[in-house]
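Commentary on secondary and tertiary structure
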Amino acid sequence: AQKVTQAQTEISVVEKEDVTLDCVYETRDTTYYLFWYKQPPSGELVFLIRRNSFDEQNEISGRYSWNFQKSTSSFNFTITASQVVDSAVYFCALSEVNSGYSTLTFGKGTMLLVSP
Amino acid sequence: DAGITQSPRHKVTETGTPVTLRCHQTENHRYMYWYRQDPGHGLRLIHYSYGVKDTDKGEVSDGYSVSRSKTEDFLLTLESATSSQTSVYFCAISEPGGSSYNEQFFGPGTRLTVL
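First, a word on what this report is: a plain description of the structure on this page.

The rules behind the values
Residues numbered from 1 in each chain as written. Chains lettered and ligands numbered in written order. Predicted model: local features only at pLDDT ≥ 70, side-chain atom pairs only at ≥ 80, totals over all residues. Heavy atoms only, no water. Helix = DSSP H or I, 4+ residues; strand = E, 2+ residues; numbered from the N terminus. Rg over C-alpha atoms; globule rule 2.2 N^0.38 Å. Buried < 20%, exposed > 50% of the residue type's maximum accessible area, 1.4 Å probe, protein only. Contact = heavy atoms within 4.5 Å. Core = buried A, V, L, I, M, F, W, Y, C linked by side-chain atoms within 4.5 Å.

So, about the overall build of chain B. Across its full length, chain B holds zero helices and 11 strands. Mapped from its N terminus to its C terminus, chain B presents α and β elements in the order β-β-β-β-β-β-β-β-β-β-β. Taken over C-alpha atoms, the radius of gyration comes to 13 Å for chain B, in line with the 13 Å a tight globule of 115 residues would show. Projected onto its principal axes, the C-alpha positions of chain B cover 45 × 30 × 25 Å. For chain B, the residues scored as buried account for 48% of the 115 residues in total. Summarising the internal contacts of chain B: among those between residues at least 6 apart in sequence, 56% fall at separations of at least 24.

A separate point is unusual backbone geometry. That bond from B:Ser7 to B:Pro8 is cis: its omega, -10°, falls within 30 degrees of zero. Of note, the phi angle at A:Lys16 is positive, near 85°, even though the residue is not glycine. The topology assignment puts A:Lys16 in the loop between β2 (10–14) and β3 (19–21). Here A:Lys16 falls in the exposed class, since its relative accessible area comes to 69%. Despite not being glycine, A:Ser73 has its phi angle at roughly 50°, a positive value.

Along the chain, the position of A:Leu34 falls in strand β5 (residues 32–39). Aside from chain neighbours lying at most four places away, what touches A:Leu34 is A:Tyr25, A:Ile49, A:Arg50, A:Arg51, A:Phe68, A:Phe75, A:Ala93 and A:Leu94.

Residues and elements named next belong to chain A. In terms of nonpolar packing, the biggest core is built from 23 residues, with Trp 36, Phe 77, Tyr 90 and Leu 112 touching the most fellow members. For this core, the elements supplying multiple residues, two or more each, are β2, β3, β5, β8 (64–69), β9 (74–79), β10 (88–98) and β12 (110–115). By residue number, the principal contributor to this core is β10, which donates four residues.

Dropping the structure here:
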């Protein structure tokens, strides 16, 4: 069975600090997808990134970057120069592919609090 | 933003009453999902649908049923609500193929309280 572990329940930083959110996953499949979602205090779930298991290239999008390492089954998320608006719960998720559709297994989330 | 609405957005009900939550999409996506979100558990899959009248159980399906008679609507029913079903319920949609393969988009959520 697939599993996603986000060991950090809560992280508090001061604005402009860099912060890394950890995600470790377990799966028996060779083909899978990894995701990060953001849930701000308003409650909606916002898609941030998707990565497939064949692409280990790190990705950077503005202040956000993702480090995917199959050797350690990790897909970590770094926010550079954090801002108050980054305060949210962040979820890592894993998808296995079944007949063309997928189900997502979520981690329990990491609450990030960025204070001014 | 994906066109997904959920109704009602908030509901308070009593133990033992039936409750139906509706998810409506305007994206014509084939796959639809119902999750519940609880503190300390993240999001857990209740049921999903891979086409009209095609549904399957997820991780926490006990006490829930679903129906999908049209592409755009996915209904979640609690036949006899219990206090353990107090939660925030999210609907999601996805479509296979192309650059968005397996990516799910979520509705705004429904907060359900069972007294």
